[in-house]
Amino acid sequence: MTTRHLQQRTIIDRFEAWQTAFDGAESARLMSQAALENAQDGIIGISSEWTPQYDSNNRLILPPFDSEFVSAVPLVIRDSDPPLTVDIISWAVDWSSDNWDNNGDGVADDALETGIFSIHSAARFGGQIRRVEAVYRSYDINV
Ligand SMILES: [Ca+2]
Ligand SMILES: [Ca+2]
């Protein structure tokens, strides 16, 4: 490894960690989406014993990585030596059956929540944590 290469590494390490964590979170979201498409629960690295938490905007709040309910899954996202791995977690919500008023219209699990799913994913790498979330209608998901 050349000195020049080492200097470049130092400069970009911080951004790389941020970007790598983001890539990991995106990968987790895609894995959950694929699982939902295959009629699986789409949950990665979080115990089914966990009780979902929501913020004041009815958005799900993932448990922290050090939660007793979390066993983050290592995911290799770069070919390198050693392989670059991020820790990922993901949770999928079927709005029609989570006993929560996800769309904030005053009624939990109403007809307008039918067929809507959201996926909430996070990844941790190099001290950085990135979170992503997405909402889908079932016709996007081919359930
Ligand atoms: Ca509602
Ligand atoms: Ca609901």
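Look above for the structure.
Because the structure is a prediction, the values reported are computed rather than measured.

### As for the pairing of strand β3 (residues 73-78)
With five bridges connecting them, β3 and strand β4 (residues 84-94) associate as antiparallel partners. Bridge pairing links R78 to L84 in β4. Connecting β3 to the antiparallel partner β4 that follows it, the hairpin turn spans five residues.

### Here we look at the sheet that holds β3
Within a sheet, neighbouring strands are paired by backbone hydrogen bonds and run either parallel or antiparallel to one another. The strand order across the open sheet formed by four strands is β3-β4-β5-β6, and the pairing between neighbours is antiparallel. Looking at the sheet topology across the chains shown, the edges are occupied by β3 and β6 (128-137). The sheet shows a mean angle of 30° between the axes of neighbouring strands, taken without regard to direction. Across eight bridges, the pairing between β4 and strand β5 (residues 116-125) is antiparallel. Across the sheet, residue I88 finds its bridge partner in β5, namely A123.

### Notes on the nonpolar core
One finds A28, V86, I88, I89, A92, F117 and A123 to be the most contacted residues of the largest nonpolar core, which totals 21 residues. Elements represented by at least two residues in this core include exactly α1 (3-37), β4 and β5.

Rules behind the numbers
Residues numbered from 1 in each chain as written. Chains lettered and ligands numbered in written order. Predicted model: local features only at pLDDT ≥ 70, side-chain atom pairs only at ≥ 80, totals over all residues. Pairing = 2+ DSSP bridges. Helix = DSSP H or I, 4+ residues; strand = E, 2+ residues; numbered from the N terminus. Axes fitted to C-alpha atoms, helices over the stretch in contact; angles between N-to-C directions. Core = buried A, V, L, I, M, F, W, Y, C linked by C-beta atoms within 7 Å. Buried ≥ 20, exposed ≤ 12 C-beta atoms within 10 Å, placed from the backbone.

Just geometry here; none of it tells us what the structure is for.
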